[in-house]
Amino acid sequence: MMVLSSTLWFLSWLLVAHRSFLVSGCDHCISFGSPSFSPSTLVVRYGASASVTCTVCDGTCDKGLEKSLGSLRENDTTVEWVVENMTEWNPSPLCYYTDIHGNQCCSRLRVTVYQLPDDVSIRFVNHSGEMLEGQQYTLQCTVPNVAPVNNLTVTFYRGHEELEQIQPKRNQKTPVTETFTLNINTTKEDDGVQYWCEAKLQLGPDGPQHPPVASSKIINAVVHYKPQLQQPSHLHQISVKEGNPAATELLRGGKPQPHLHLETPARRKLPAQLQRQRFDRRIHGS
């Protein structure tokens, strides 16, 4: 009895080893052609369910499917791979058959497992609060726990205007955190605009009909800019009569709101109605 059990165990081991050896080198698709998957490429969200059917032969061959997770359902000509919960980032199922002559043929399914980032964020690097006109600032968009990163595209926006698209340079199937930066030069027209970024997974025609997208919150820009002097720049002297309200119109625009302060050549203070508005830049003889 012990000899018989040992013999059966050895034959079983030999069969598995023989099959594995053939599968690892299967390139003799003579009788029925290569096994075919439907769909031909699987794109599935991490943690979701999925199923793929492999068509192998006419029922006169030995068929199978190597897998690292999930279950199989077989009939005469097909093998169905069923996964209730996709918990691997790089599964690579192999469908194969062996014909009556001992020739083996196989096909490997291409699987893309994706995951949207937890929370896309945007900020200015080494800066907070108001910005100044004419300065350069750096926007930073952080995309955490995204996969696969080589399918990721990040877009920076100014309102509805697309500023730039950036794609990572590395290729990795497991989740990673990526950081992207963009330099901007501020003008007074940037005051009040909204900056934000968007992370999109481009998964191709076999992926979701609408590519998975995650967006950051919005940064409302506050830009301080200087006012415009309403006199030709080549003049060296500005004449204003006392009591003339036009003096308050010498400066236009500016943020924060400018205050005007004028002095006479003898540094005699002007009437009170002109003193109410002051500006930290003094106009004195020029």
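Owing to the predicted nature of the structure, the values given are computational and were not obtained by experimental measurement.

K.L.:
Is there a simple way to explain the confidence of the model for the chain in this structure?
P.N.:
Atom-level detail of predicted coordinates should not be read off regions where pLDDT is low. Confidence along the chain averages 78 in pLDDT terms, with 67% of residues attaining 70 or more. This model gives residues 1-24 a pLDDT under 50, and the stretch forms 10 contacts once residues within four places in sequence are excluded. This model gives residues 272-286 a pLDDT under 50, and the stretch forms 39 contacts once residues within four places in sequence are excluded.

K.L.:
Would you mind going over the state of the cysteines with me for this structure?
P.N.:
Applying the stated rule across the entire model yields 2 disulfides. Paired through a disulfide, cysteine 54 and cysteine 95 show a sulfur-sulfur distance of 1.9 Å. Here cysteine 54 and cysteine 95 share a disulfide; its torsion about the S-S bond, -95°, makes the bridge left-handed. Taken as a pair, cysteine 54 in strand β3 (residues 50-55) and cysteine 95 in strand β7 (residues 94-98) lie far apart in primary sequence, 41 residues in all. For the pair shown, cysteine 54 and cysteine 95 are each scored as buried. One disulfide in the model links cysteine 141 with cysteine 197; its S-S distance is 2.1 Å. One quick way to see it: the torsion about the S-S bond of cysteine 141 and cysteine 197 is about 80°, and its sign makes the bridge right-handed. Of the two residues, cysteine 141 sits in strand β12 (residues 136-146) while cysteine 197 sits in strand β16 (residues 194-201), which places them 56 residues apart along the sequence.

K.L.:
Sorry if this is basic, but what is going on with the pattern of salt bridges here?
P.N.:
Oppositely charged side chains can form a pair if their charged atoms are brought close together. Taken as a whole, this structure holds 3 salt bridges when the rule is applied. Salt-bridge contacts for glutamate 80 lead to arginine 73; the nearest nitrogen and oxygen are separated by 3.7 Å. When its relative accessible area of 48% is taken as the criterion, arginine 73 is described as partly exposed. We note a salt bridge from glutamate 161 to arginine 158, for which the minimum N-O separation is 3.7 Å. What makes glutamate 161 partly exposed here is its relative accessible area of 42%. Residue classification places arginine 158 among the partly exposed positions, given a relative accessible area of 22%.

K.L.:
Looking at this structure, I do not really get the packing of aromatic side chains. What am I missing?
P.N.:
A ring pair, where both rings are aromatic, is described by two values, the distance of the centres and the angle of the planes. Across all of its chains, the model carries 4 aromatic pairs by this definition. Ring centres of phenylalanine 124 and tyrosine 137 lie 6.2 Å apart, and the angle between their planes is 75°; on these two criteria the pair is classed as edge-to-face. With phenylalanine 124 in strand β10 (residues 121-124) and tyrosine 137 in strand β12, this residue pair connects regions lying 13 residues apart in the sequence. On the basis of relative accessibility, which here comes to 10%, the residue phenylalanine 124 falls in the buried class. Owing to a relative accessible area of 10%, tyrosine 137 belongs among the buried residues under this scheme. Three or more aromatic residues joined by ring pairs make a cluster, and in this case those are Phe124, Tyr137 and Tyr195.

K.L.:
How should the environment of alanine 214 be read in this particular structure?
P.N.:
Its location among the elements puts alanine 214 in strand β17 (residues 213-215). For the pair alanine 214 and lysine 200, spaced 14 residues apart in sequence, the C-alpha separation works out to 6.6 Å. Residues within four places of alanine 214 in sequence aside, it is in contact with Leu116, Pro117, Val120, Cys197, Glu198 and Ala199.

K.L.:
What is the right way to read the sheet that holds strand β1 (residues 36-38) from this model?
P.N.:
What holds strands together in a sheet is hydrogen bonding between their backbones, with the strands either parallel or antiparallel. Sheet architecture is open: 4 strands sit in the order β1-β3-β6-β5, paired in antiparallel fashion. Two strands lie at the open edges of the sheet, namely β1 and β5 (71-74), each paired on one side alone. Taking each pair of neighbouring strands and ignoring which way they run, the sheet shows an average axis angle of 25°.

K.L.:
Help me out: how do you make sense of the sheet that holds β12 in this one?
P.N.:
What the 3 strands build is an open sheet, ordered β10-β12-β15; its pairing is antiparallel. Each edge of the sheet is formed by a strand with only one pairing partner; in this case those strands are β10 and β15 (176-185). Direction aside, the axes of adjacent strands within the sheet are offset by 20° on average. Across 4 bridges, the pairing between β10 and β12 is antiparallel. Bridge pairing in β12 links serine 121 to threonine 142.

K.L.:
Help me out: how do you make sense of the pairing of β15 in this one?
P.N.:
Looking along a regular strand, one sees side chains alternate from face to face of the sheet. Burial of the side chains of β15 is restricted to one face: Val176, Glu178, Phe180, Leu182 and Ile184 are buried, whereas none of Thr177, Thr179, Thr181, Asn183 and Asn185 on the reverse face is. Relative to β15, β12 runs antiparallel, the two sharing 9 bridges. Bridged to cysteine 141 within β15 is phenylalanine 180.

What counts, and where the lines are drawn
- Residue positions are given per chain, counted from 1 along the sequence in the order it is written.
- Per-residue local features are limited, in this predicted model, to residues with pLDDT of at least 70; the limit for side-chain atom pairs, both in listing and counting, is 80 or more; totals at the level of whole chains, interfaces and linings are taken over all residues.
- Just so you know, side-chain values use all the structure's heavy atoms and leave hydrogens and water out.
- On a range of 0 to 100, pLDDT expresses the predictor's confidence in each residue.
- Residue contacts follow a heavy-atom distance rule, with two residues in contact if any of their heavy atoms lie within 4.5 Å.
- Defined by distance alone, a disulfide is two cysteine sulfur atoms within 2.5 Å.
- Helix and strand definitions follow DSSP, with helices as H or I runs of at least four residues and strands as E runs of at least two, each counted in order from the N terminus.
- Only protein chains enter the accessibility calculation, which uses a 1.4 Å probe. A residue is then buried if its area is under 20% of the maximum for its type, exposed if over 50%, and partly exposed in between.
- The working definition used for a salt bridge is a side-chain nitrogen of Lys or Arg within 4 Å of a carboxyl oxygen of Asp or Glu.
- Centres within 6.5 Å make a pair out of two Phe, Tyr or Trp rings, where for Trp the six-membered ring is used; the pair is then stacked when the planes are under 30 degrees apart, edge-to-face when over 60, and tilted otherwise.
- At least two bridges found by DSSP between two strands are what make those strands a pair.
- Lines are fitted to the C-alpha atoms to define the axes, a helix being fitted only along its stretch in contact, and any angle between axes, read from their N-to-C directions, falls within 0 to 180 degrees.

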